[in-house]
Amino acid sequence: MKNKIDNLSYDEAISRLDHLVKQLEEGEQGMDELTKMVKEASDLVKVCKQKLKMTSDEIKKAFEEE
Amino acid sequence: MQQQAISLLSLNELIKSTLDSHLAPTYWVIAEIGELRAGVKGHAYLDLIEKSEGNILAKIRGNIWSYTYQSISRKFESTTGTALKGGLKIMALVSVQFHELYGISLVIKDIDPNFTLGERARKRQEIISRLTNEGLIDLNRQYVLPVVSQKIAIISSVTAAGYGDFINQLDQNPQRYKIHYQLFQAAMQGKDAVPQIIQAIKQIEDLLVEEKFDLLVIVRGGGAQTDLDCFDDYELAKTIANASLPVVTGIGHERDESIADLVAHTQLKTPTAVASFILSGFREFEDSLHRNLVTIERRTQARLKSEEAGLSDKTHLITNLFRQKLNENNLSLERYAQQARRVSLYRTEKENIKCEHLEQNLRKIIDRKLKQSEDRLGQYEKTIDRLNPQTLLQRGYTRTEKDGIPINKQKLKIGDELVTYNKMDKITSLINKLETNEKQNR
């Protein structure tokens, strides 16, 4: 599952996260399903943060190289 | 009446004594020599005649005794340049002699050569006057002498002394000019000279069409100064004057010029003088060619120099103009370069500022985007945390489901089996009482 998330692009990850949050907001799932979704959503948030961090670092680096 | 007769001898003796007693011992007589014969013993026998318009008016025999003849003829020849001969008019000192057997004759004791000279001068003047009146004296001089006479018709005698000298001088000229000549033979003295020279002139004129002679030359060497009377002949002078070519004479003689000389185009003293004259024409022509060559060379050099100078000036002018133009272009290029530098610096500076501005904008946008994304993620995080059932359970809330679906999403009835989760437990229960939540419904 984690590997699958790592392979997603930032936009795909955000899109998936958005979808999961909406489903969570609707709250029609059972406890197990909810727990899984929360887990996935948390992982997606982490991955997205990492990607943002990387992007920020790269941009910073790119500007510094000038 | 019987006539008294005397013998012939007596008569002749009478005639002789009458003549002797009545005539002076000597007379000076003017007469023409009709014919002159030399006798065996050195005596000379002649006829003396007097003519008028071709008719003989008087005639008498004469003789000159040997001793007298030698002295008279020598004196005559040395003074007049002519030997005693038939046709000459003379003034002679004579004595009349009558011989009973041979009849009357004159014994010539002396001849005055000066009379003959004067007589010849008179005759000569007569011919000159006639030629002048007939317009012949200068006629041959009307021709223009060719600058260079390369083809020459010569009238002379191969035996004449001057002819050889003349030919040698022409043939062996040091400049090796090639002169074409043709000899037309004629006697150059004596009674045959006039008809033969006239004949030669006619012959040359007949050949003119094919031979194209430049000059007619009559030459005769020096030698004895006798028998030159032929060159004073009227007919010869007339033929020379009328010749179709310019005539040059070189009749070697020391006395005054002959009439042939007078009517000729150019008269020279000797044959060698004629040769020199012809060659001088060649030399003058060659000299003029040289002078022309020198002039051409000098003018060509001058022209070349002037053209060179002109070219040099033009070259300088062009070089200077070119340099000037080059300098102008260089200056203009320099100005363009400075302008280009200024413009490019300005543009670069401008672009740089623009870039920096863009970079700042870009960084702002990126920062904003990143912030937005981070914020969004933060929101998601909070939402997830809020919706995380475990968080609720941790805070003491419970969650109840029926058939795996939260009970607030379905209708419940008594007897339904419910599953409730709290922090620690999973509780299964049955609904035995179901009431409406008044607090929520209010």
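How each quantity is defined
- Numbering of residues begins from 1 in every chain and follows the order in which that chain's sequence is written.
- Labels follow written order: the first chain is A, the first ligand is 1, and so on.
- Since the coordinates come from a predicted model, pLDDT governs what is reported: local features require at least 70, and pairs of side-chain atoms require 80 or more to be given and counted, while whole-chain, interface and lining totals use all residues.
- Hydrogens and water are ignored here; the side-chain numbers use all heavy atoms of the structure.
- Each helix corresponds to a stretch of at least 4 residues labelled H or I by DSSP, and each strand to a stretch of at least 2 residues labelled E; elements are numbered beginning at the N terminus.
- In what follows, residue pairs with any heavy atoms lying within 4.5 Å of each other are defined as contacts.
- Note on areas: Shrake-Rupley, 1.4 Å probe, and residue coverage restricted to the protein chains presented here.
- Here the buried area means the combined drop in accessible surface, using a 1.4 Å probe, for two parts upon being joined, counting both sides.
- Between Lys or Arg on one side and Asp or Glu on the other, a salt bridge is scored when a side-chain nitrogen of the former is within 4 Å of a carboxyl oxygen of the latter.
- Each polar contact in these results corresponds to two N or O atoms within 3.5 Å; when the atoms are within protein, one needs to be able to donate a hydrogen and the other to accept it, and residues that are neighboring in sequence are counted only if both atoms are side-chain atoms.
- Basically, the charged four are Asp, Glu, Lys and Arg, the nonpolar ten are Ala, Val, Leu, Ile, Met, Phe, Trp, Tyr, Cys and Pro, and anything else, Gly included, counts as polar.
- By the convention used here, strands pair only if DSSP detects at least 2 bridges between them.
- The angle between two axes is taken between their N-to-C directions and runs from 0 to 180 degrees, where each axis is a line fitted to C-alpha atoms and a helix contributes only its stretch in contact.
- Should an angle fall under 35 degrees it is called roughly parallel, over 145 degrees roughly antiparallel, and 65 to 115 degrees roughly perpendicular, with every other angle called oblique.
- Crossings are classed by handedness, with left-handed meaning an anticlockwise turn of the near helix from the far one by less than a right angle and right-handed meaning a clockwise turn.
- Only protein chains enter the accessibility calculation, which uses a 1.4 Å probe. A residue is then buried if its area is under 20% of the maximum for its type, exposed if over 50%, and partly exposed in between.
- Note on terminology: a nonpolar core comprises buried Ala, Val, Leu, Ile, Met, Phe, Trp, Tyr and Cys residues joined through side-chain atoms within 4.5 Å.

Helices and strands together make up the secondary structure of chain B, namely 10 helices and 14 strands. For chain B, the proportion of contacts with a sequence separation of at least 24, taken over those separated by at least 6, is 61%. Of the accessible surface of chain B, which amounts to about 28,800 Å², a share of 53% is contributed by carbon and sulfur atoms.

Our next topic: the interface of chain B and chain A. Reports often express the size of an interface as the amount of accessible area lost when the parts come together. Taken residue by residue, the interface counts 26 residues in chain B and 26 residues in chain A. Summing both partners gives a buried area of about 2,300 Å² for chain B against chain A, and 71% of it is carried by carbon and sulfur. The largest per-residue losses of area from chain B upon contact with chain A belong to L377, Y380 and I384 of chain B, which jointly make up 27% of the total buried on that side. Counting across the interface, chain B meets chain A through 2 salt bridges. We note a salt bridge from E381 of chain B to K49 of chain A, for which the minimum N-O separation is 3.0 Å. Taken together, the connections running from chain B to chain A amount to 7 residue pairs in polar contact (both at pLDDT 80 or more). Those elements that provide at least two residues to the side of chain B that touches chain A are α8 (271-387), α9 (389-394), β11 (399-402) and β12 (405-406) of chain B. Here the side of chain B that touches chain A gets 15 residues from one element, more than from any other, and that element is α8 of chain B. Looking at the side of chain B that touches chain A, its residues break down into 12 nonpolar, 5 polar and 9 charged.

This part is about the sheet that holds β12 of chain B. Residue and element names in this part refer to chain B. Taken in spatial order, the 4 strands line up as β12-β11-β13-β14 in an open sheet, and their pairing is antiparallel. At either end of the open sheet lies a strand with only one pairing partner, and these are β12 and β14 (426-430). Across 5 bridges, the pairing between strand β13 (residues 417-421) and β14 is antiparallel. From the neighbouring strand, V419 faces β14, where its bridge partner is T428.

Next up on the list: the packing of helix α3 (residues 113-133) of chain B against helix α6 (residues 234-242) of chain B. Residue and element names in this part refer to chain B. For the pair α3 and α6, the least separation of the axes is 10 Å and the interaxial angle reads 30 degrees. Viewed along their axes, α3 and α6 adopt a mutual orientation that is roughly parallel. The handedness of the crossing between α3 and α6 is right-handed. In contact with I127, R130 and L131 of α3, α6 contributes Y234, A237 and K238. The residue makeup of the contact of α3 with α6, split by class, is 4 nonpolar, no polar and 2 charged.

To continue, consider the sheet that holds strand β4 (residues 89-99) of chain B. All names here are of chain B. Pairing in this closed barrel of 5 strands is mixed, and the strands run β1-β2-β3-β5-β4 around the ring. Pairwise comparison of adjacent strand axes, ignoring direction, gives a mean angle of 55 degrees for this sheet. The sheet contact formed by β4 and strand β5 (residues 103-111) spans 8 bridges and is antiparallel. Note that in β5 the partner of S95 across the bridge is V107. Lying on the sheet, α3 is in contact with β1 (27-38), β4 and β5; it crosses β4 at an angle near 135 degrees.

Moving on, we come to the pairing of strand β3 (residues 55-64) of chain B. Residue and element names in this part refer to chain B. Both strand β2 (residues 44-52) and β3 contribute to a ladder of 9 bridges, which runs antiparallel. Counterpart to Y45 in the pairing with β3 is N63. Bridging between β3 and β5 involves 2 bridges; their strand directions are parallel. Pairing of G62 across the sheet is with L106, part of β5.

The next subject is unusual backbone geometry. Residue and element names in this part refer to chain B. A positive phi angle, near 60 degrees, is found at R176, a position not held by glycine. Note on placement: R176 falls in the loop between α4 (161-171) and β7 (180-185). By relative accessible area, R176 is classed as exposed at 75%.

Let us now look at the nonpolar core. L131, I155, I197, I218 and F231 of chain B are the most contacted members of the largest nonpolar core, which totals 38 residues. Looking at this core, the elements that each hand over two or more residues are α3, β6 (151-156), α5 (193-211), β8 (215-220), α6, β9 (247-251) and α7 (259-263) of chain B. Each residue touching I197 of chain B, except ones within four places of it in the same chain, is listed here: I155, A186, A187, M188, I218, F231 and L236 of chain B. Listed in part, the 23 residues of the second largest apolar core include I5, A13, M37 and A41 of chain A.

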